Amino acid sequence: MVKVITDENKIKEFLNSRYIEAVFPSKERVVEILMSGNKLSFYLGIDPTSPSLHLGHSIPLLLLKQLGKLGHKIILLIGDFTAQIGDPTDKEATRKALTANEVKQNMKTYVTQAERILNEVGFEVKYNSKWLAKMNLGDVIELASKVTVQQMIARDMFQERIKNERPIYVHEFLYPLMQGYDSVAMKIDGEVGGNDQTFNMMVGRDLEKALLNKEKLVFTTRLLVDASTGKKISKSEGGMIAVNDSTEDVFGKTMHSILDEMIKTVFELCTEVPQSWIDERDKVRQNGENPKIFKEELAYELVRMYHGEKAAEKAKENFEKVFSQGQLPDEIQEFKINGAMTIVNVLQVSGMVVSASEAKRLIDQKAIEVNGKTVSDWGTRVEIGSTIKIGSHRFLKTR
């Protein structure tokens, strides 16, 4: 069992973590609580709205890991119930509700993905359907009596919708209520989450105070924001690098989708590389070094975090073969076909794209090649023994 660390300097160092944006109730109060010597419980809640955890998730996961290293109990809460309600956070319109089966499929590998980041510390996994699915109408009404309509509509995105005369549905008020109740059900000591979840986490803080007379700590983390669009990089906004991507995809996506001005930020928020090293390397880049070198170091580190040192070496080697030497990577995914199939069918059935529409979009963007020739027709037939190039770094062989 890891001993709870009460060293004031280490606790203050944690609170000055580059992942943290804000702390509630205050840093002074949090220092006092963390120095008590009590083993506290902290959680991160993630709704399984897609099959993959991504770079944005890694930020609160890394902060949760730091709390584990301080000797506290950490919990990964999978919001299998709240995912079916839909979080209105930052949404200009109501989020599409997911079915129970869609949620079940999405969360199949969440725990193994989280382990890639939390592998050094033990953690418990919980599912909020365990308590939320058991609530009856009376329970919901009783819980709703603890939060006012004024509190709810004060949220920025609700105010924006009112201003633009867009609808706000009653069930969207239930989401922060249900997420807040997670804290009560687990009798939690603290929660970690992105700063876009501040309102939801504070509802949980209020509910714990009202129902359990317990003070809940809240740590909000910085968001990974695209320097060119100002939007957060997430599964809903697109452009994500997923924890369960292949080694080649993690390396290739890093090299091609992360802007040069974002390299330092991604290093800071999504890795555990020392700040002094990051600052020094960024200084070298600003003094004229090709940013490609700094970006390759980031790609290597991300692959190493998720897949290990040997996999990172191999991914780097394959990337250099493909882009510097014009060769094919050593290992290419294979897909068995019976006779000729259309390029759209091959891409979709093989799992290289999530839908036929994505395959068509890539073809229209001239991002698909078969045997070295760019494909322009959705109905192009692919023969056995063909090599398909998807985008800049993914390959598929038909057999």
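Reference entry: report on the structure contained in this document.

**Regarding the overall build of the chain**
What the chain contains, in helices and strands, is 18 helices and 13 strands. The globule rule puts the C-alpha radius of gyration for 399 residues at 21 Å, and the 23 Å found for the chain is close to it. Taken along its principal axes, the extent of the C-alpha atoms in the chain is 65 × 50 × 40 Å. A buried classification covers 46% of the 399 residues belonging to the chain. A fraction of 70% describes how many contacts in the chain between residues 6 or more apart in sequence connect residues 24 or more apart. Here the chain displays about 19,300 Å² of accessible surface, and carbon together with sulfur accounts for 49% of that area. Distance between charge centroids for the chain: 3 Å, based on 55 positive and 56 negative side chains.

**Let's talk about the side chain of Asp-189**
Here Asp-189 shows up in the loop between helix H10 (171–186) and strand E5 (190–194). Within the structure, the side chain of Asp-189 is placed 2.9 Å from the backbone nitrogen of Ser-41, a separation counted as a polar contact. Among the polar contacts made by the side chain of Asp-189, one reaches the side chain of Lys-214 at a distance of 2.8 Å. Ignoring anything within four residues of it in the chain, the contact list for Asp-189 reads Leu-40, Ser-41, Phe-42, Lys-214, Glu-215, Lys-216 and Leu-217.

**A short note on the pairing of strand E6 (residues 217–221)**
For E6, the tally of buried residues reaches five of five residues, placing the bulk of the element in the interior. Burial along E6 is two-sided: the face carrying Leu-217, Phe-219 and Thr-221 and the face carrying Val-218 and Thr-220 are both buried. When strand E1 (residues 20–24) meets E6, the two strands line up antiparallel, connected through four bridges. Following the sheet pairing, Ala-22 is matched in E6 by Thr-220. Once the chain exits E5 it traverses helix H11 (residues 198–212) before rejoining the sheet at E6, and the crossover so formed is right-handed.

**Looking at the packing of helix H13 (residues 263–270) against helix H14 (residues 275–286)**
Interhelical geometry of H13 versus H14 gives an angle of 175° and a closest axis separation of 10 Å. The angle between the axes of H13 and H14 places the two elements in the roughly antiparallel class. On the side of H13, the interface is formed by Lys-264, Phe-267 and Glu-268, while H14 contributes Gln-275, Trp-277, Ile-278, Asp-279 and Asp-282. Partitioning the contact of H13 with H14 into residue classes produces three nonpolar, one polar and four charged.

**Overview of the packing of H14 against helix H15 (residues 291–307)**
Helix packing geometry: the angle between the two helix axes and the distance between the axes. Relative orientation of the contacting elements H14 and H15 amounts to 155°, with a least axis distance of 9 Å. On the basis of the axis angle, H14 is roughly antiparallel to H15. By crossing handedness, the relation of H14 to H15 is classed as left-handed. Across the interface between the two elements, Trp-277, Ile-278, Arg-281, Asp-282 and Arg-285 of H14 pack against Pro-291, Ile-293, Phe-294 and Glu-297 of H15. Each residue belonging to the contact of H14 with H15 can be placed in one class, and the counts come to five nonpolar, no polar and four charged.

**Re the environment of Thr-247**
Assignment of secondary structure puts Thr-247 in helix H12 (residues 247–257). For the pair Thr-247 and Asn-318, spaced 71 residues apart in sequence, the C-alpha to C-alpha distance is 9.9 Å. Once residues lying within four places of it in the same chain are set aside, the contact partners of Thr-247 are Val-303, His-307, Ala-311 and Ala-315.

**Describing the sheet that holds strand E4 (residues 124–127)**
With mixed pairing, the six strands of this open sheet are ordered in space as E1-E6-E5-E2-E3-E4. A single partner strand is all that each edge strand has here, and the edge strands are E1 and E4. Here the strands of the sheet are splayed against their neighbours by 25° on average, with no regard to which way each runs. Against the sheet, helix H3 (residues 55–69) engages E1, strand E2 (41–46), strand E3 (73–78), E5 and E6, with an angle of about 165° to E2. Packing against the sheet, H10 makes contact with E2, E3, E4 and E5, and its axis sits at approximately 145° to E2.

**Comments concerning the sheet that holds strand E12 (residues 387–390)**
The strand order E7-E13-E12-E9-E10 describes an open sheet built from five strands, whose pairing is mixed. On the outer flanks of this sheet lie strand E7 (333–335) and strand E10 (373–374), each paired with one strand and no other.

**Considering the nonpolar core**
Formed by 65 residues in total, the largest nonpolar core has its most connected members in Phe-14, Leu-55 and Phe-219. Trp-131, Met-157, Phe-158 and Val-203 belong to the second-largest nonpolar core, a separate cluster that totals 21 residues.

**What about the pattern of salt bridges?**
Per the counting criterion, the structure on display carries 23 salt bridges. Among the charged side chains, a network of salt bridges with common partners joins Lys-65, Lys-69, Glu-120 and Glu-272.

Rules used throughout
- Residues numbered from 1 in each chain as written.
- Predicted model: local features only at pLDDT ≥ 70, side-chain atom pairs only at ≥ 80, totals over all residues.
- Heavy atoms only, no water.
- Helix = DSSP H or I, 4+ residues; strand = E, 2+ residues; numbered from the N terminus.
- Rg over C-alpha atoms; globule rule 2.2 N^0.38 Å.
- Buried < 20%, exposed > 50% of the residue type's maximum accessible area, 1.4 Å probe, protein only.
- Contact = heavy atoms within 4.5 Å.
- Areas by Shrake-Rupley, 256 points an atom, 1.4 Å probe, with all protein chains shown as cover.
- Lys, Arg positive; Asp, Glu negative; His and termini not counted.
- Charge placed at Lys NZ, Arg CZ, Asp CG, Glu CD.
- Polar contact = N/O pair within 3.5 Å; in protein donor to acceptor, adjacent residues only side chain to side chain.
- Pairing = 2+ DSSP bridges.
- Right-handed = clockwise from strand over helix to strand, strands pointing away.
- Axes fitted to C-alpha atoms, helices over the stretch in contact; angles between N-to-C directions.
- Parallel < 35°, antiparallel > 145°, perpendicular 65-115°, else oblique.
- Nonpolar A, V, L, I, M, F, W, Y, C, P; charged D, E, K, R; others polar.
- Left-handed = near helix turned anticlockwise from the far one by under 90°.
- Core = buried A, V, L, I, M, F, W, Y, C linked by side-chain atoms within 4.5 Å.
- Salt bridge = Lys/Arg side-chain N within 4 Å of Asp/Glu carboxyl O.

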